[in-house]
Amino acid sequence: MAVATQTFDAIIIGGGGAGLRASYEMAQSGLNVAVISKVFPTRSHTVSAQGGINAALGNTDGRDDWRWHMYDTVKGSDFLGDQDAIEYMCREAPESVYELEHMGLPFSRLDDGKIYQRAFGGQTLDFGGELAHRTCCAEDRTGHAMLHTLYQKNIEAKTNFYNEWFAIDLVKTSTGIAGVVAMNIETGEVVYLKARATILATGGAGRIFQATTNAHINTGDGFGMVLRAGYPLQDMEFWQFHPTGIAGAGVLITEGSRGEGGYLINKDGERYMERYAPHMKDLASRDVVARSTILEIREGRGCGPKGEYVLLKLDHLGEEVINKRLPGIRDLSITFAGVDPLKDPIPVVPTCHYLMGGIPTNIDGQVLTIDKDGKDQVIEGLYAAGECACVSVHGANRLGANSLLDLIVFGRAAGKHFQQSVKQGLGFREATVEEIEKAMGRLNRWNNNEGGESVETIRAELQKIMQNDFGVFRTAEFMKQGFDKLEKLQERLQHASIKDKSSCFNTCRIEALELDNLMATAIATAYLANERTESRGAHARVDYPDRDDKNWLKHTLYFEDGRIGFRAINMKPKEVKPIELVARHY
Amino acid sequence: MRFSIYRYNPESDAAPYMQDYDLDVKAHECHMVLDALIAIKNNMDDGLTYRRSCREGVCGSDGMNINGKNRLACTTHLSALKEPIVIRPLPGLPIVRDLVVDMSQFYKQYEKIKPYLQNTNPTPAKERLQSPEERSKLDGLYECILCACCSTSCPSFWWNPDKYVGPAGLLQAYRFIADSRDTESKERLSELTDPFSVFRCRGIMNCVDVCPKGLNPLKAINHIKELMLEEGV
């Protein structure tokens, strides 16, 4: 079957923060760039980010240093983060934030007219000293403000948009990635988009869990594409559970609510984080607060008729702070919890929020694999940035407000590196008809399968397995069970089918294609979570409760054929001394 | 609970029709209209077509007409609605399929107002300063989620979707006019002086009534008109 071809300098898959920052960087320099996004770009999940973006500007505290930000990030990562990448991100943060301000992002302001900065989890001055106010924000709608600003600047820069197009698979040649096969959701038309480089900015995959803060669209599309192309994913065992998702609904309540002075209480009204983290209390890093909260609930100190949640108390902050700094979460609480935080505390529970792992890249955003000897190898023509990438700046646990920063810094870095590569003669790779057809394989499977199980049946089972067996606390026993169930489910998925086969805006088919990616992500998670026999950051094992630096101070890699590999952690920042391993206390 | 939902697939249907579904909303733990749509799609009819993403009222995907009023399916409580719950696509835009409308006319009007900050002064090394008072002028404007509930409830937009910018676009036009960092306010105002762009607004106020974020496009439109007088454009 012949497929129409369209050619661009670069194709960005995903219209969230990372994708739009990369496309803006490239389009500004006059390159012919196309963003393909399965939703209109401002519907991407970046829009839901609330709390803010970290940068050592020192506006609120009067002093700050990117090295302190770097120290906090390395410690927050439980030393699994790559120190050269963290150094780069924290050093570039102030300039990246100023750029956003110049683009028009409506940051909240201090009386002197500078960007307002609030406190956030795990952020300190002087290498672990006093609480730092480092998080720049637009009230509690920072992601919304950022995403709209970036989209607006892309309109100005005349970026090409393929809105409501779905990427099916990468087109892989013997020398690298030649582009992507994508489908117009409205018409069902399939096109081969050919480019010098393809940039994956496909975001997270929180929908592998039953309870998640993530949007319905967070289905790990980039993870599925990379695995099917034969490349590895890294550190997939590290999923962050945000301490404060609204109980039942899963909707996020920003850590900024604790940054502004809110705190968690158990059924006795006790501020229990004082016991678990005497110094940072409710602003300890997220893995610590989430685990402490689960322990409170398990030990019978949860709230509500079934003792299934804890309460986030904000009413003492007063009407002015809540309405001025946290208006969005007040709305969400009223709508989804039936609670006005001006008067009553919000029922919250740790909820799947973010994947620290993902597609391994270098600091320039180039995607990596390893060769036979375990050495890093750059994949020609493929970049990744944002939540789907693993640079790795978050290691085993991400600090709040470092994710928007990651999107901006590395979206920009990928854009810059690509421009440089074009100048140095980066060309196109020519794909054969077979290589292009291979990328359409799974679309054909879904079009042809008849009479199988439904997408919903398989998806619901997958989410249940992940929720029950790969949650905040993990054990070999449950994970092995879960893993076996997943493997059987994966086999069933090959025979699943959809009833609706029409070509007009077929969301049923899109959900089926997404399910392939959810499954790939879940299997990768299960493999690596079983493999890592230690507790580090967000990966907490009851059977291996301690961090094991001797055996596990390394990144894990998973390939689709079940191979597992490892990569060393970078402990060699360029400008500063390495941050030494220590036990982590807050 | 009974739902009556607008259906139309141009590939197979000669004409649109309303289809009824009886859903046990308790058994499926549905609280919001979107929960019910998902339950119907997952369990009764995988062909039912709608847009959705964040499910918390910030992405603007699932604007639709529910019991006669434009709103977001994900933030509309089922308990507040009378049965049967009648769900139709946003009015006034071409139908793609079922509850999915073609939004291109709406986006075109948004792009027309140059929805990006313009500042011709040299870029400073740090942030451009803006006082909290200046910044507060953007409150009630920048929060727009482009769901199109307002513009598609506006009779003037139904009548002239190609020439009248509509409440959503004008809210954003004013968001940049009001921004102390934007140097092109006068230019922006003069680009809106034709008989259609702003002046088709008749103050009907449907936009204010339906905005799921509680924003007030009419107020922004009136500010634009006042500034046109003040600036003499």
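Analysis parameters
- Residues numbered from 1 in each chain as written.
- Chains lettered and ligands numbered in written order.
- Predicted model: local features only at pLDDT ≥ 70, side-chain atom pairs only at ≥ 80, totals over all residues.
- Heavy atoms only, no water.
- Core = buried A, V, L, I, M, F, W, Y, C linked by side-chain atoms within 4.5 Å.
- Buried < 20%, exposed > 50% of the residue type's maximum accessible area, 1.4 Å probe, protein only.
- Helix = DSSP H or I, 4+ residues; strand = E, 2+ residues; numbered from the N terminus.
- Domains from an automatic or database assignment.
- Contact = heavy atoms within 4.5 Å.
- Buried area = accessible area lost by both parts, 1.4 Å probe.
- Salt bridge = Lys/Arg side-chain N within 4 Å of Asp/Glu carboxyl O.
- Polar contact = N/O pair within 3.5 Å; in protein donor to acceptor, adjacent residues only side chain to side chain.
- 1 Å grid on protein atoms, 1.4 Å probe; cavity = no way out; pocket = protein on both sides within 12 Å on 5 of 7 lines; lining within 4 Å.
- Points joined across faces, edges and corners; volume = space filled by probe spheres on them.
- Nonpolar A, V, L, I, M, F, W, Y, C, P; charged D, E, K, R; others polar.
- Expected span 1.5 Å × (residues − 1).
- Arc of directions from axis to C-beta.
- Patch = residues over 30% accessible without salt bridge, like charges linked within 9 Å, V, L, I, M, F, W, Y side chains within 5 Å.
- Areas by Shrake-Rupley, 256 points an atom, 1.4 Å probe, with all protein chains shown as cover.
- Lys, Arg positive; Asp, Glu negative; His and termini not counted.
- Charge placed at Lys NZ, Arg CZ, Asp CG, Glu CD.
- Pairing = 2+ DSSP bridges.
- Axes fitted to C-alpha atoms, helices over the stretch in contact; angles between N-to-C directions.
- Parallel < 35°, antiparallel > 145°, perpendicular 65-115°, else oblique.
- Left-handed = near helix turned anticlockwise from the far one by under 90°.

1. Observations concerning the nonpolar core
Right, so step 1: Within the largest apolar cluster, 137 residues are counted, with the highest numbers of intra-cluster contacts made by Ile53(A), Phe3(B), Leu37(B), Ile87(B) and Ile224(B).
Right, so step 2: Residue contributions to this core peak at ten residues, all from helix α3 (residues 83-103) of chain A.
Right, so step 3: Residues lining this core come from more than one domain, with at least three contributed by each of domain 1 (2-101) and domain 2 (104-231) of chain B.
Right, so step 4: If you look at the next biggest cluster of nonpolar residues, it comprises 88 residues, including Ile13(A), Val171(A), Ile177(A) and Val226(A).

2. Comments concerning the interface of chain B and chain A
Right, so step 1: Chain B puts 59 residues into the contact, and the matching count from chain A is 62 residues.
Right, so step 2: A combined buried area of about 4,900 Å² lies between chain B and chain A, and 50% of that area is made up of carbon and sulfur atoms.
Right, so step 3: When the buried surface of chain B facing chain A is broken down by residue, Arg55(B), Glu56(B) and Glu127(B) rank first, second and third, together holding 14% of it.
Right, so step 4: Here Arg97(B) and Asp500(A) are joined by a salt bridge, their closest N and O atoms 2.8 Å apart.
Right, so step 5: At the junction of chain B and chain A, the tally comes to 41 residue pairs in polar contact (both at pLDDT 80 or more).
Right, so step 6: Breaking the side of chain B that touches chain A down by element, the ones donating at least two residues are α1 (33-43), β6 (95-97), α2 (104-112), α3 (132-136) and α5 (166-177) of chain B.
Right, so step 7: Top contributing element to the side of chain B that touches chain A by residue count: α1(B), with four residues.

3. Remarks on empty space enclosed by the protein
Right, so step 1: Evaluation of the coordinates by the stated rule reveals seven cavities of 30 Å³ or more.
Right, so step 2: Considered as a void within the structure, the second largest cavity measures approximately 360 Å³ in volume.
Right, so step 3: Mapped by element, the contributors of at least two residues to the lining of the second largest cavity are α16 (507-531) of chain A together with β3 (63-66) and β7 (100-101) of chain B.
Right, so step 4: Examining the composition of the lining of the second largest cavity, we find that four residues originate from one element, α16(A), more than from any other.
Right, so step 5: In the lining of the second largest cavity, the residues fall into 16 nonpolar, five polar and eight charged.

4. A look at helix α15 (residues 476-493) of chain A
All names here are of chain A.
Right, so step 1: Its 18 residues place the ends of α15 25 Å apart at the C-alpha level, agreeing with the 26 Å of an ideal helix rising 1.5 Å per residue.
Right, so step 2: Residues of α15 that are buried: Met 479, Gly 482, Phe 483, Leu 486, Leu 489 and Leu 493. All buried residues of α15 fall inside an arc of 130° around its axis, so they share one side. Projecting away from the buried face of α15 at angles above 90 degrees are the exposed residues Glu 477, Lys 480 and Lys 488.

5. A word on a negative patch on the surface
Right, so step 1: A contiguous patch of negative charge, built from Asp111(A), Asp112(A), Glu133(B) and Glu134(B), is present on the exposed surface.
Right, so step 2: Its place among the elements puts Asp112(A) in the loop between α3 and β4 (117-124).
Right, so step 3: A relative accessible area of 43% places Asp112(A) in the partly exposed class.

6. What about α1(B)?
Right, so step 1: In terms of burial, α1(B) is a largely internal element, nine of the eleven residues being buried.
Right, so step 2: If you check which residues of α1(B) are buried, you get Val33(B), Leu34(B), Ala36(B), Leu37(B), Ile38(B), Ala39(B), Ile40(B), Lys41(B) and Asn42(B).

7. So, the domain arrangement of chain B
Residue and element names in this part refer to chain B.
Right, so step 1: Domain parsing of chain B yields domain 1 (2-101) and domain 2 (104-231).
Right, so step 2: In this assembly, 13 residues from domain 1 lie in contact with 14 residues from domain 2.
Right, so step 3: Both sides of the domain 1 and domain 2 interface together cover about 1,000 Å² of buried area, and 65% of this is carbon and sulfur.
Right, so step 4: Per-residue buried area on domain 1 facing domain 2 is highest for Lys 69, Asn 70 and Leu 93; these three make up 39% of the total on that side.
Right, so step 5: Counting residues per element, the side of domain 1 that touches domain 2 draws most heavily on strand β4 (residues 69-72), which supplies four residues.
Right, so step 6: When grouped by side-chain class, the residues that make up the side of domain 1 that touches domain 2 number six nonpolar, five polar and two charged.

8. Re the sheet that holds strand β2 (residues 17-22) of chain B
Residues and elements named next belong to chain B.
Right, so step 1: Strand order in this open sheet of five strands is β2-β1-β5-β3-β4, and the pairing throughout is mixed. Across the chains shown, the open sheet's two edge strands, defined by having one partner strand only, are β2 and β4. Neighbour-to-neighbour, the strand axes of this sheet turn through a mean angle of 35°, independent of strand direction.
Right, so step 2: Here strand β1 (residues 2-7) pairs with strand β5 (residues 85-88) via three bridges, running parallel. Looking across to β5, one finds that Ile 5 is bridged to Ile 87.
Right, so step 3: α1 contacts β1, β2, β3 and β5 of the sheet and is inclined by roughly 75° relative to β1.

9. Some points on the packing of helix α2 (residues 66-76) of chain A against α3(A)
Residue and element names in this part refer to chain A.
Right, so step 1: Closest axis-to-axis distance for the α2/α3 pair is 9 Å, and the angle between their directions is 140°. Here α2 is positioned oblique relative to α3, judged by the angle of their axes. For the pair α2 and α3, the crossing hand works out as right-handed. Of the residues in α3, those touching α2 at Trp 66, His 69, Met 70, Thr 73 and Val 74 are Gln 83, Ile 86, Glu 87, Met 89, Cys 90 and Arg 91.
Right, so step 2: Of the residues that constitute the contact of α2 with α3, the class distribution is six nonpolar, three polar and two charged.

10. Thoughts on the sheet that holds strand β22 (residues 564-568) of chain A
Residue and element names in this part refer to chain A.
Right, so step 1: Across the sheet, which stays open at both edges, the three strands sit in the order β10-β21-β22 with antiparallel pairing between neighbours. The sheet is open, and its two borders are formed by β10 (233-234) and β22, each paired with just one other strand.
Right, so step 2: Sheet topology places β10 next to strand β21 (residues 554-558); two bridges connect them, and they run antiparallel. Following the sheet pairing, Gln 234 is matched in β21 by Leu 557.
Right, so step 3: Set on the sheet, α16 makes contact with β10, β21 and β22; between it and β21 the angle comes to about 140°.

11. Re the environment of Arg228(A)
Residues and elements named next belong to chain A.
Right, so step 1: Tracing the sequence through the fold places Arg 228 in helix α5 (residues 221-228).
Right, so step 2: Assessed through its relative accessible area of 23%, Arg 228 is described here as partly exposed.
Right, so step 3: In this structure, the C-alpha to C-alpha distance between Arg 228 and Asn 218, residues ten residues apart in sequence, is 18 Å.
Right, so step 4: If we ignore the near neighbours within four places in the chain, the residues touching Arg 228 are Ile 168, Asp 169, Arg 442, Asp 516, Asn 517 and Glu 560.
Right, so step 5: Looking at Arg 228, its side chain comes within polar contact range of the side chain of Asn 517, at 2.9 Å.

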